[in-house]
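# Breakdown of the fold
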Amino acid sequence: MKILVAVKRVLDANVKVRVKADGSGMELANAKMAMNPFCEIAVEQAVRMKEAGQAEEIIAVSIGPQACQEQLRTALALGCDRGILVTADDEVAPLQVAKMLRELVEREGAGLVILGKQSIDSDNNQVGQMLAALGGMGQGTFACRAELADDRILVTREIDGGEQTVSLELPAVITTDLRLNEPRYASLPNIMKAKRKPIEQLTPADLNVDTDSNLKTLRILPPAERAAGILVESVEDLVGKLRNEARVI
Ligand code: AMP
């Protein structure tokens, strides 16, 4: 079985987000970028399945500018076999990403697609679900466990107040939640080896996808500034402040 893993380049989760003065987006100039954390979990899941003899090949796919090669190289260093970069200079909307992935699933004959449950930059939580619908595949979203059972995959999902296990026919789509696994770090020898692994470059047109989108971001605003909190010495102190300063009791 071939596994396709979608990896997105996003602002590093440890970087403080700054919004552009004109509200048109995030300030990305000179900012540290990284693989979306949920995509790291997706890569780890695919690598574990390959190590368990359940997959022959893992293909990492990224859609975006040339710089996405960095995240593809990271995926290759973590154990993916080859990469595909679909080049696009502007932000690609979730539906267009899903259409490109659907085309790649077909071309590659992938048996499983693993994606993050959401991108931490745009917070869409859409691509996996759209891909499953477009490709007529079953979906196991918010996965915290995934086990292959013959020609099906059992995916346990994190849902409100508990877990739900679904049995999906292959090919299927999984989106990863935090508890699925703990991603490994790439070792230095594997980082060196990854430099020799192939990355194929395609354009959206090669995949018959038009990147014109009916989705337009109008404005991005930072959250309102909040006053710093304080530590109170005792319960009496807290009650006093709630009564006399905040006047809420
Ligand atoms: P989203 O629906 O945008 O929150 O993204 C969910 C998941 O879809 C991400 O964690 C990635 O696995 C995948 N994805 C979204 N955008 C891209 C992209 N430009 N390139 C590769 N994968 C993507």
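Structure: above.
To keep things clear, this report deals only with the structure shown in the data block. These numbers were taken from a predicted model, which means no experiment stands behind them. (Residues numbered from 1 in each chain as written. Predicted model: local features only at pLDDT ≥ 70, side-chain atom pairs only at ≥ 80, totals over all residues. Heavy atoms only, no water.)

## A look at the overall build of the protein chain
From N to C terminus, the protein chain includes 6 helices and 11 strands. Judged by the C-alpha coordinates and their principal axes, the protein chain covers about 70 × 40 × 40 Å. Here the protein chain holds 249 residues, and the buried ones make up 40% of them. Expressed as a percentage of contacts within the protein chain between residues at least 6 apart in sequence, the contacts between residues at least 24 apart total 69%. Accessible area for the protein chain stands at about 14200 Å²; split by element, carbon and sulfur atoms hold 49% of it. Taking the 30 positively charged and 36 negatively charged side chains of the protein chain as two groups, their mean positions are separated by 3 Å. (Helix = DSSP H or I, 4+ residues; strand = E, 2+ residues; numbered from the N terminus. Buried < 20%, exposed > 50% of the residue type's maximum accessible area, 1.4 Å probe, protein only. Contact = heavy atoms within 4.5 Å. Areas by Shrake-Rupley, 256 points an atom, 1.4 Å probe, with all protein chains shown as cover. Lys, Arg positive; Asp, Glu negative; His and termini not counted. Charge placed at Lys NZ, Arg CZ, Asp CG, Glu CD.)

## So, the site of the ligand
In the vicinity of the ligand lie 17 residues, with I63, S119, N125, Q126 and V127 positioned nearest. Here S119 contributes a side-chain N or O atom positioned 2.7 Å from an oxygen atom of the ligand. Separating an oxygen atom of the ligand from a backbone N or O atom of V127 is a distance of 2.8 Å. Here the ligand loses 98% of its free accessible area of 480 Å² to cover by the protein chains. Broken down by secondary-structure element, the contributors of at least two residues to the shell around the ligand are β4 (57-64) and β6 (112-116). When residues in the shell around the ligand are grouped by element, the largest group, 3 residues, is from β4. Per-class residue counts for the shell around the ligand are 8 nonpolar, 8 polar and 1 charged. (Near = heavy atom within 4 Å. Polar contact = N/O pair within 3.5 Å; in protein donor to acceptor, adjacent residues only side chain to side chain. Nonpolar A, V, L, I, M, F, W, Y, C, P; charged D, E, K, R; others polar.)

## Focus: the pattern of salt bridges
For the structure shown, the criterion picks out 17 salt bridges. Note that K50 and D81 form a salt bridge whose closest N and O atoms lie 2.7 Å from each other. A residue pair is termed long-range when its members are at least 10 positions apart, and K50 in helix α1 (residues 37-51) and D81 in the loop between α2 (69-78) and β5 (82-87) qualify at 31 residues. You can call K50 partly exposed: its relative accessible area is 29%. Its relative accessible area of 21% is what places D81 among the partly exposed residues. Residues E158 and R179 are paired through a salt bridge, measuring 2.8 Å at the closest nitrogen-oxygen approach. Taken together, the residues span a long stretch of sequence, with E158 in strand β8 (residues 152-159) and R179 in the loop between β10 (172-176) and α5 (188-194) at a distance of 21 residues. Here E158 falls in the partly exposed class, since its relative accessible area comes to 21%. With relative accessibility at 61%, the residue R179 sits in the exposed group. Through salt bridges with shared partners, a single ionic network connects K2, E57, R82 and E108. (Salt bridge = Lys/Arg side-chain N within 4 Å of Asp/Glu carboxyl O.)

## Comments concerning the environment of V43
The topology assignment puts V43 in helix α1. Note: C-alpha distance between V43 and L242 (199 residues apart in sequence) is 49 Å. Apart from residues lying up to four places away in sequence, V43 is in contact with V5, V7, M35, A75, L78 and C80.

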